[in-house]
Amino acid sequence: MQVKIEPSWQNYLAKEFDKDYFETLVTFVRKEYQTQVIYPPAKWIFRAFDLCPFDRIKVVILGQDPYHGQGQAHGLCFSVQDGVALPPSLQNIYREIADDTGVKPLPSGNLERWACQGVFLLNATLSVRASMAGSHQGQGWERFTDAVIETISRYREHVVFLLWGNYAQQKVRLIDVTRHCVLSAVHPSPLSAHRGFFGCKHFSKANSFLENHGLTPIEWR
């Protein structure tokens, strides 16, 4: 199956796109977009891939579902479109960045500026019905994004994986921890951030790892 996605990803994921489950997933998603209000807009389903080519990945941040409110989701986990108020988890991410690095992030919650530096902002599920969190779980997206994580682990070197919360941390089984850096903490949600996200210093640790392997650090701003 030909999927409209950035060419380097097409090369690495072509076999995945040809599997039966992916065809079933595409059929489901197309029908959902035709009959329901779905986020993100269809043109942005693979936005994280398009902004961060495979050979430029330095850091992977894993989310679960896209935001399900109007005007929020645009294909990058934790990110919202320009002009949208910062969700609580992103507020806490910005707070930790400021405390950790001494640099206050820009006020916009649009994280495309990170993606263009090699931060792959991947949700485990790439679409969702409006106002219905988790509504596209169990349809095949998770199998696909697990394959994406495994592919990054297998074919890239010295990638930092930021796994926040129990759901993301379960994905460590897909990662070769002898070749990559895995940093884990509780989720930045207000419900848990005070139990270990604040003070985790993942942003400076990620940059130290990158620099130690001759890579340019990320500007977390």
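One can find the structure itself at the top, above this paragraph.
Please read all numbers here as calculations on a predicted model, not as lab measurements.

Another aspect to go through is the overall build of the chain. Helices and strands together make up the secondary structure of the chain, namely eight helices and six strands. Going residue by residue from the N terminus, the α and β elements of the chain occur as α-α-β-α-β-α-α-β-β-α-β-α-β-α. Here the chain has a C-alpha radius of gyration of 17 Å; the compact-globule value for 221 residues is 17 Å, and the two agree. In terms of its C-alpha atoms, the chain occupies a principal-axis envelope of roughly 45 × 35 × 25 Å. Partitioning the contacts of the chain with sequence separation of at least 6, the portion at a separation of at least 24 is 65%. Element-wise, carbon and sulfur atoms account for 49% of the exposed surface of the chain, whose accessible area totals about 10300 Å². Of the charged side chains in the chain, 23 are positive and 21 negative, and the gap between their average positions amounts to 2 Å.

This brings us to the packing of aromatic side chains. Applying the stated rule across the entire model yields 21 aromatic pairs. Seen in terms of ring centroids, phenylalanine 17 and phenylalanine 22 are 5.0 Å apart; in terms of plane orientation they differ by 50°. Their pairing is tilted. As far as burial versus exposure is concerned, phenylalanine 17 and phenylalanine 22 are alike and both buried. On the numbers, 6.2 Å between centres and 90° between planes, the contact of tyrosine 21 with phenylalanine 22 is edge-to-face. An identical accessibility class is assigned to tyrosine 21 and phenylalanine 22; each is buried.

With that settled, consider the pairing of strand S2 (residues 59–63). Along S2, five of the five residues are buried, which leaves the element largely enclosed by surrounding structure. Residues Val59, Ile61 and Gly63 of S2 are buried on one face, and the alternating residues Val60 and Leu62, pointing to the opposite face, are buried as well. For S2 and strand S3 (residues 119–123), the ladder comprises five bridges, and the chain directions are parallel. Counted as the bridge partner of isoleucine 61 is leucine 121 from S3.

Side chains of a nonpolar character, in soluble globular proteins, are inclined to be buried together. In terms of nonpolar packing, the biggest core is built from 69 residues, with Phe49, Ile61, Phe120 and Phe144 touching the most fellow members. Excluding its chain neighbours within four sequence positions, the residues that come into contact with phenylalanine 120 are Trp9, Ala48, Phe49, Cys52, Ile57, Val59, Val60, Ile61, Val148 and Ile152.

Along the chain, the position of asparagine 123 falls in strand S3. Apart from the residues within four sequence positions on either side, asparagine 123 is in contact with Leu62, Gly63, Gln64, Asp65, Pro66, Leu76, Cys77 and Thr145.

Cut-offs applied
- Residues numbered from 1 in each chain as written.
- Predicted model: local features only at pLDDT ≥ 70, side-chain atom pairs only at ≥ 80, totals over all residues.
- Heavy atoms only, no water.
- Helix = DSSP H or I, 4+ residues; strand = E, 2+ residues; numbered from the N terminus.
- Rg over C-alpha atoms; globule rule 2.2 N^0.38 Å.
- Contact = heavy atoms within 4.5 Å.
- Areas by Shrake-Rupley, 256 points an atom, 1.4 Å probe, with all protein chains shown as cover.
- Lys, Arg positive; Asp, Glu negative; His and termini not counted.
- Charge placed at Lys NZ, Arg CZ, Asp CG, Glu CD.
- Phe/Tyr/Trp six-rings, centres within 6.5 Å; stacked < 30°, edge-to-face > 60°.
- Buried < 20%, exposed > 50% of the residue type's maximum accessible area, 1.4 Å probe, protein only.
- Pairing = 2+ DSSP bridges.
- Core = buried A, V, L, I, M, F, W, Y, C linked by side-chain atoms within 4.5 Å.

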